[in-house]
Amino acid sequence: MNIEITKIKTEEALTAIFNIRQEVFVFEQNVHPEEEYDEFEETSTHFLALLDGVPAGTARWRYTDNGVKLERFAVLKEMRGKGVGQALVKAVVDDIAREEAAKGQLLYMHAQLAAVPLYEKFNFEKEGDIFSECEIEHYKMKRYL
C-alpha cells in the first residue's frame, strides 16, 4: 500500500477534503455541518492523504493566538488501520516545522479519545480534563515545536 500526502492547492483536492470530512464527521459522527465548516477554511493549510491513489484522509493546521492548532484529522472508515493517520500527523508536524514563524510555538489540538494514542506517538501530551465538543469527548493535547 502506498500512502501519499499532499498539501492542497487545487479546488478539486479541496472538494475531496470536504467530502472526507463530511463522511467522517457529519455522517459517521453526527456533527452538524455548520459546526464542521468554519471561517478558517481559506486560511488553514490543508492536507489530503491518498491510499493507493484514492482519497483516504485529511487534516489541516492554522496559526492562532495560542500557537499552532492542528485539526480536522479524518480518515475514512474503510481506510483506517493502514497507516494513513500516522502519515497525516507526520506530514502536518513536518510542514509546521518548516515554517520559520512556527519555531518554538505551542502545537495543540482537540483530540477525540480514540485518537489520543496516535497523537501520543508524536509526543503530544494530554492537558486537563476530558471535554465535549460537538457531543464527542476530547482531550486538549499539546507539545512544543
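Coordinates for the structure precede this section.
This one's a predicted model, so the numbers in the text were calculated from it and none came from an experiment.

Q: What is the right way to look at the overall build of the protein chain in this model?
A: If you tally the helices and strands in the protein chain, you get four helices and seven strands. Counted from the first residue to the last, the protein chain has its helices and strands arranged as β-α-α-β-β-β-α-β-α-β-β. A compact globule built from 145 residues would reach a C-alpha radius of gyration of about 15 Å, and the protein chain, at 14 Å, matches this within 12%. Expressed as a percentage of its 145 residues, the buried residues of the protein chain come to 44%.

Q: Honestly, a negative patch on the surface in this entry has me stumped. Any pointers?
A: Residues E34, E35, E133 and E135 make up a contiguous surface patch of negative charge. Considering the arrangement of structural elements, one finds E135 in the loop between β6 (125-133) and β7 (136-144). On the accessibility criterion, E135 (76% relative accessible area) is exposed.

Q: Mind showing me how you'd approach the packing of aromatic side chains here?
A: The geometry of an aromatic ring pair is captured by the separation of the ring centres together with the interplanar angle, meaning the angle of the planes. In the structure shown here, the tally under the stated rule is three aromatic pairs. Both rings, one in F18 and one in Y37, keep their centres 5.4 Å apart while their planes meet at 80 degrees; by these two values the pair is edge-to-face. Residue F18 is located in helix α1 (residues 11-28), and its partner Y37 is located in the loop between α2 (33-36) and β2 (45-51); the two are separated by 19 residues in the primary sequence. Considering the side-chain rings of F73 and Y119, the 5.6 Å spacing of their centres and the 65 degrees angle between planes classify their relative orientation as edge-to-face. Highlighted residues: F73 in strand β4 (residues 67-75) and Y119 in helix α4 (residues 116-120), separated in sequence by 46 residues. Side by side, F73 and Y119 carry an identical accessibility label, which is buried. Note that K140 overlies the ring of Y108, its terminal NZ or CZ placed 5.1 Å from the centroid. We note R143 situated over the ring of F124; from NZ or CZ to the ring centre the distance is 5.6 Å.

Rules and cut-offs
- Residues numbered from 1 in each chain as written.
- Predicted model: local features only at pLDDT ≥ 70, side-chain atom pairs only at ≥ 80, totals over all residues.
- Heavy atoms only, no water.
- Helix = DSSP H or I, 4+ residues; strand = E, 2+ residues; numbered from the N terminus.
- Rg over C-alpha atoms; globule rule 2.2 N^0.38 Å.
- Buried < 20%, exposed > 50% of the residue type's maximum accessible area, 1.4 Å probe, protein only.
- Patch = residues over 30% accessible without salt bridge, like charges linked within 9 Å, V, L, I, M, F, W, Y side chains within 5 Å.
- Areas by Shrake-Rupley, 256 points an atom, 1.4 Å probe, with all protein chains shown as cover.
- Salt bridge = Lys/Arg side-chain N within 4 Å of Asp/Glu carboxyl O.
- Lys, Arg positive; Asp, Glu negative; His and termini not counted.
- Charge placed at Lys NZ, Arg CZ, Asp CG, Glu CD.
- Phe/Tyr/Trp six-rings, centres within 6.5 Å; stacked < 30°, edge-to-face > 60°.
- Lys NZ or Arg CZ within 6 Å of the ring centre and 35° of its normal.

Geometric descriptors of this kind do not, in isolation, establish any biological role.
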